[in-house]
Amino acid sequence: MSNTNTATNVDFELGQYLRELHHEINSLAFAEEDGSSKEDKFTEFVMELLAEAGETEGIRLCHYEKENKWENIQFKINGYAIEEGYESLDIFISFYRDTNGFYRVGKPEFDKLIKWPMGFLNAALKGHLDDIEPSSEAYGLARIIRDNRKNFIRVNLFILSNGNIPHDPPKNHKLKGVEDLTFNFHVWDAERLHRLSQSKYNREPIVIDFEETLGATIPCLSMPSKNELYECYLAIVPGQLLATLYRNYGTRLLESNVRAFLQQTGKVNKGIRDTIRNEPHMFLPYNNGLATTAQEVKTSILDNGQMVITGVTDFQIVNGGQTTASLFHTNKKFKDSDLNQVFVQMKLTVIKDEDKKNQTVPYISRYANSQNKVSELDLTSNNPILQRLEELSRTTYAIDPEDSNKQTIWFFERVKGQYREALNKEPTKSKQNAFKLKYPRSQVILKSQIAKYLNIWKQLPHHVSKGGQKNYNFFLKDVESEFGKKKKPGRIFWQDIIANAILFKAVDKLFGRKNQDPIGDTNIKSYTVTYTLSYLHHITENRLDLGLLWEKQVIPEDLLYELKKGLRFTYHYLTTMGAALISEAAKSEKTWDGFKKTKDHPMDMDVIKTYLVSKEDFKARYEEDIDSIKEAEKYANLEKITSMGLRFWDGLYKYNIRTNILSKYQDNMAMAIRKKLKQSGKLTEGEIAGGIKIIQLLQNKNIPVEKIEVLSKLNDKDLVDPSKLYNRLSKVPDETWKNAIALGEQTKVLSYHEISVIKTVIQRLKRKEDLDLKRLQIVEKAVKKMKRFGIKI
């Protein structure tokens with residue numbers, strides 16, 4: 001009976017997931033209105049999930065189809081990702097149906113999902129570029145594949161679908177003429193995507209069956225006494241087995257930070273290489289071995305009493321990644337190398353408490369007897385500098401970029417999921433709402449983002465272009481060197497981070513979106529923005545007034561106008577330098593060096609100079625810390641101004657026309673406050689001081705606030721405010737939503753797309769996930785339609 005109930009629950013949960021997925025894709029397609037097909041939106045959505053789960057990185061949407069003379073599809077791909085160093089090539093192909101139900105992908109369709117991308121790969125790998133449309137991005141990809149053919153070790157073909165795929169992909173697949181290349185097939189269908197969504201740590205672990213896939217088991221010793229925290233096994237592993245594991249799984253075997261470091265170096269350790277070639281039998285005593293972890297280890301006892309490891313789940317190498325990679329690369333490059341004589345010692349630890357894994361694993365790596373400095377990079381979350389940044393982030397207040405009625409805090413998420421965990425710890429719903437007002441979801445900042453913003457500021461756009469994890473590790477090494485063991489970042493350092501974040505987001509928005517008058521191809525938007533800002537810091541010698549940006553929490557319009565010129569200038573440079581793939585060229589320091597030498601940029605330096613600090617002020621800023629008393633007074637005054645409400649400041653404009661109670665200066669100040677509260681709500685210190693004087697003047701003259709407010713014809717409720725709208729919608733009871741949707745469907749007042757967006761927004765509100773303004777506005781508009789039926793939201 002219990003098995004039946006379990007199956008029923010699984011089917012119910014899968015069905016619920018498919019409905020949510022369908023609404024998510026529909027709402028994305030409807031809200032963005034960029035002309036992309038739903039299949040492309042599905043592909044992009046799943047690729048982002050897989051990137052977050054560590055299955056791939058550096059993803060790019062690239063829909064390409066080619067028909068043969070009979071008008072049948074010959075080639076098709078939906079996206080790709082290229083690993084730095086060109087070891088791995090990931091190709092994505094999708095099978096998507098516009099349905100929220102469970103369906104089965106037939107064997108003929110499945111075979112095509114392998115045939116089409118393999119046809120493209122065959123043409124690219126063998127240099128048959130005439131078979132690919134020259135004007136397409138896929139042509140540039142094909143050139144990269146052709147030119148780096150000898151570097152690729154493996155191709156991962158990801159088959160994506162919102163249906164059920166019950167078919168097994170090929171094993172040991174080979175392509176004629178490129179037999180040395182390993183092809184791995186990864187099927188991500190509805191059930192597997194659902195499992196990933198249910199995963200506590202949002203990733204799917206590697207499962208290795210040594211007996212089935214490698215035809216071998218690993219003799220081992222287990223720890224002699226039981227322990228509630230962990231299990232530990234010691235083993236001697238054949239070098240050939242490790243090389244095979246690396247060939248099949250690549251850097252997915254390596255703990256994420258070690259992975260990025262290894263990809264950056266791309267080098268084989270000379271000592272390891274020489275030992276393999278000249279003294280393979282001495283590898284065991286010379287090498288320090290591997291420190292590995294797993295979620296689960298399967299063992300069996302042979303007839304002779306020997307314990308052997310038969311399989312592992314979530315196998316990760318936290319120390320010894322360079323050893324593992326060097327075994328494979330040396331064997332590949334030097335045909336005279338003999339791995340049959342190579343053995344490596346391994347310590348395998350199973351952390352029983354998954355919640356403690358993220359705390360324990362870094363220390364396993366740190367205290368292992370490492371051959372290189374990778375282990376220190378592994379200590380990310382517990383790094384003292386990051387702990388200090390977390391402390392600063394919780395105690396540094398800013399004007400809310402969306403609502404000047406609030407003081408808000410930028411929340412640094414030192415550990416993944418920290419924001420949601422802190423929110424869930426609030427005991428009541430009202431306290432959770434208060435938490436979200438104090439720490440808006442839109443102001444959560446991640447480690448990788450800090451690395452991106454600061455490395456742009458440090459004029460390292462080529463490092464930023466290498467992707468989040470690689471750039472983060474470079475940043476961490478650099479910041480550790482900058483502050484050392486004793487010195488800690490101060491509050492100014494944190495404000496600079498936020499100022500750079502505001503600058504990046506503003507310029508990113510300035511570039512535009514697909515089919516909405518963007519500056520250019522949105523596929524290279526991130527590189528254009530990154531290079532533009534680094535170029536700005538280059539020509540201004542890093543003297544942009546970050547303190548001013550912090551105070552305003554917004555970028556001045558005239559500066560944005562010049563930066564838009566800079567974006568066009570950068571875009572033209574990147575698109576005319578003759579690179580096959582700009583995404584790859586952007587990672588090269590040569591590209592940055594060449595761009596820095598350009599002098600004919602169109603930006604007006606007279607405008608830009610107004611936002612630079614003098615050398616004296618620059619020096620003073622970084623020698624002083626914030627006066628907390630002065631800051632507290634400023635925020636108290638800001639609260640007084642914003643709490644008066646927009647109708648007060650709008651009415652004051654008309655009241656002064658009648659009474660002339662304000663001086664011209666005060667009138668101008670009131671107008672400025674009115675305009676900013678209406679449009680952006682970010683006030684300068686001067687405006688705050690002027691606003692307080694106006695309020696005091698009216699109070700001294702005993703003029704009632706109501707007498708001024710009544711002159712305004714504005715209604716605050718009619719003004720769309722993202723943070724207020726989010727908070728208001730999050731408080732709506734489930735029953736009210738159900739009634740609104742049911743009535744909207746029955747009366748046809750709401751379109752199918754509007755209902756789809758509403759359902760997606762409801763789910764995201766429940767999960768306390770962030771939402772884009774566009775979908776919030778769609779819901780707000782739809783809600784207003786339902787007022788005539790007595791539904792109040």
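What you see is a predicted model, and the numbers here were worked out from it, not measured in a lab.

Definitions and limits used
Residues numbered from 1 in each chain as written. Predicted model: local features only at pLDDT ≥ 70, side-chain atom pairs only at ≥ 80, totals over all residues. Heavy atoms only, no water. Helix = DSSP H or I, 4+ residues; strand = E, 2+ residues; numbered from the N terminus. Expected span 1.5 Å × (residues − 1). Buried < 20%, exposed > 50% of the residue type's maximum accessible area, 1.4 Å probe, protein only. Contact = heavy atoms within 4.5 Å. Pairing = 2+ DSSP bridges. Axes fitted to C-alpha atoms, helices over the stretch in contact; angles between N-to-C directions. Polar contact = N/O pair within 3.5 Å; in protein donor to acceptor, adjacent residues only side chain to side chain. Salt bridge = Lys/Arg side-chain N within 4 Å of Asp/Glu carboxyl O. Core = buried A, V, L, I, M, F, W, Y, C linked by side-chain atoms within 4.5 Å. Phe/Tyr/Trp six-rings, centres within 6.5 Å; stacked < 30°, edge-to-face > 60°. Lys NZ or Arg CZ within 6 Å of the ring centre and 35° of its normal. Parallel < 35°, antiparallel > 145°, perpendicular 65-115°, else oblique. Nonpolar A, V, L, I, M, F, W, Y, C, P; charged D, E, K, R; others polar.

Engineer: Would you mind showing me how to read helix H3 (residues 107-125) here?
Structural biologist: Three- or four-residue spacings in an α-helix give side chains the same orientation, since the helix completes a turn every 3.6 residues. Across its 19 residues, H3 extends 27 Å between first and last C-alpha, which sits within 8% of the 27 Å expected from 1.5 Å per residue. Of the positions making up H3, those classed as buried are Phe110, Leu113, Ile114, Trp116, Pro117, Met118, Gly119, Phe120, Leu121, Ala123, Ala124 and Leu125. Looking at the buried side of H3, the elements it contacts are strand S1 (59-67), strand S2 (73-82), strand S3 (88-95), helix H4 (137-147), strand S4 (154-161) and strand S5 (182-188). Of the residues one or two after H3, glycine 127 is the one with positive phi, at around 80 degrees.

Engineer: Is there a simple way to think about the sheet that holds S2 in this case?
Structural biologist: Pairing between sheet strands relies on hydrogen bonds along the backbone, with the strands arranged either parallel or antiparallel. The strand order across the open sheet formed by five strands is S1-S2-S3-S4-S5, and the pairing between neighbours is mixed. With partners counted over all chains shown, the strands left at the sheet margins are S1 and S5, one partner each. On average, each strand axis in the sheet is inclined to that of its neighbour by 25 degrees, with strand direction left out of account. Across seven bridges, S1 lies against S2 in antiparallel orientation. From the neighbouring strand, arginine 60 faces S2, where its bridge partner is tyrosine 80. Across the sheet, helix H7 (residues 239-249) is in contact with S4 and S5; its angle to S4 comes to roughly 45 degrees.

Engineer: Looking at this model, I keep getting lost on the environment of asparagine 331. Mind explaining?
Structural biologist: Tracing the chain through its elements places asparagine 331 in helix H11 (residues 321-333). Sequence separation of asparagine 331 and arginine 273 is 58 residues, and the distance between their C-alpha atoms is 9.0 Å. Excluding residues within four positions of it along the chain, asparagine 331 makes contact with Gln240, Ser337 and Leu339. Within polar-contact distance, the side chain of asparagine 331 engages the side chain of serine 337 at 3.3 Å.

Engineer: Would you explain the environment of leucine 18 in this entry?
Structural biologist: With respect to the helices, strands and loops of the structure, leucine 18 is situated in helix H1 (residues 2-32). In this structure the C-alpha to C-alpha distance between leucine 18 and threonine 99, which are 81 residues apart in sequence, comes to 8.5 Å.

Engineer: Looking at this model, I keep getting lost on the pattern of salt bridges. Mind explaining?
Structural biologist: Should their charged atoms come close, side chains of opposite charge can pair. Evaluation of the coordinates by the stated rule reveals 21 salt bridges. A salt bridge links glutamate 137 to arginine 60, with the nearest nitrogen and oxygen atoms 3.0 Å apart. Of this pair, glutamate 137 sits in helix H4 while arginine 60 sits in strand S1; the two residues are 77 residues apart in sequence, bridging distant segments of the chain. The salt bridge partner of aspartate 508 is lysine 525, with a shortest N-O separation of 3.5 Å. Of this pair, aspartate 508 sits in helix H20 (residues 491-511) while lysine 525 sits in helix H21 (residues 525-539), and the two are 17 residues apart along the sequence.

Engineer: I keep staring at unusual backbone geometry and nothing clicks. Help me out?
Structural biologist: Backbone geometry follows two general trends: most residues other than glycine have a negative phi, and most peptide bonds adopt the trans configuration. Here glutamate 71, not a glycine, exhibits a phi torsion of approximately 65 degrees, which is positive. Structurally, the position occupied by glutamate 71 is in the loop between S1 and S2. By relative accessible area, which is 61% here, glutamate 71 ends up exposed. We note that glutamine 459 has phi near 65 degrees; this positive angle belongs to a residue other than glycine. In this fold, glutamine 459 is placed in the loop between helix H17 (447-457) and helix H18 (461-464).

Engineer: Which parts of the structure should I look at to understand the nonpolar core?
Structural biologist: The tendency in soluble globular proteins is for nonpolar side chains to be buried as a group. Grouped together as the largest cluster of nonpolar side chains are 61 residues, with contacts concentrated most on Leu389, Ile445, Ile450, Trp494, Ile497 and Leu544. By residue number, the principal contributor to this core is H20, which donates twelve residues. Beyond its immediate sequence surroundings of up to four residues, leucine 544 is in contact with Leu503, Leu536, His537, Leu549, Leu559, Tyr611 and Leu612. Ile82, Ile114, Ile165 and Val178 belong to the second-largest nonpolar core, a separate cluster that totals 42 residues.

Engineer: Whenever I open this one, the packing of aromatic side chains confuses me. Can you help?
Structural biologist: What characterises a pair of aromatic rings is the spacing of the ring centres plus the angle enclosed by the ring planes. Under the criterion given, the structure shown has 23 aromatic pairs. When the centroid spacing of 5.5 Å and the interplanar angle of 50 degrees are considered together, the rings of tyrosine 453 and phenylalanine 504 count as tilted. In this pair, tyrosine 453 sits in helix H17 while phenylalanine 504 sits in helix H20, placing the two residues 51 residues apart along the sequence. Their ring planes at 45 degrees and their centres at 5.9 Å tell us that tyrosine 535 and phenylalanine 569 sit as a pair that is tilted. Of the two residues, tyrosine 535 is situated in helix H21 and phenylalanine 569 in helix H23 (residues 557-575); the sequence distance between them amounts to 34 residues. Three or more aromatic residues joined by ring pairs form one cluster here, namely Tyr531, Tyr535, Phe569, Tyr573, Trp592 and Phe595. In this structure, arginine 441 is placed above the aromatic ring of tyrosine 419, and the distance from its NZ or CZ to the ring centre is 5.3 Å.

Engineer: Is there a simple way to explain the packing of H17 against H20 in this structure?
Structural biologist: Interhelical geometry of H17 versus H20 gives an angle of 90 degrees and a closest axis separation of 9 Å. On the basis of their axis angle, the class for H17 and H20 is roughly perpendicular. Contact with H17, carried on its side by Ile450, Lys452, Tyr453, Leu454, Ile456 and Trp457, involves Phe493, Trp494, Asp496, Ile497, Asn500, Ala501, Phe504 and Lys505 of H20 and no other residues of that element. By residue class, the composition of the contact of H17 with H20 is ten nonpolar, one polar and three charged.

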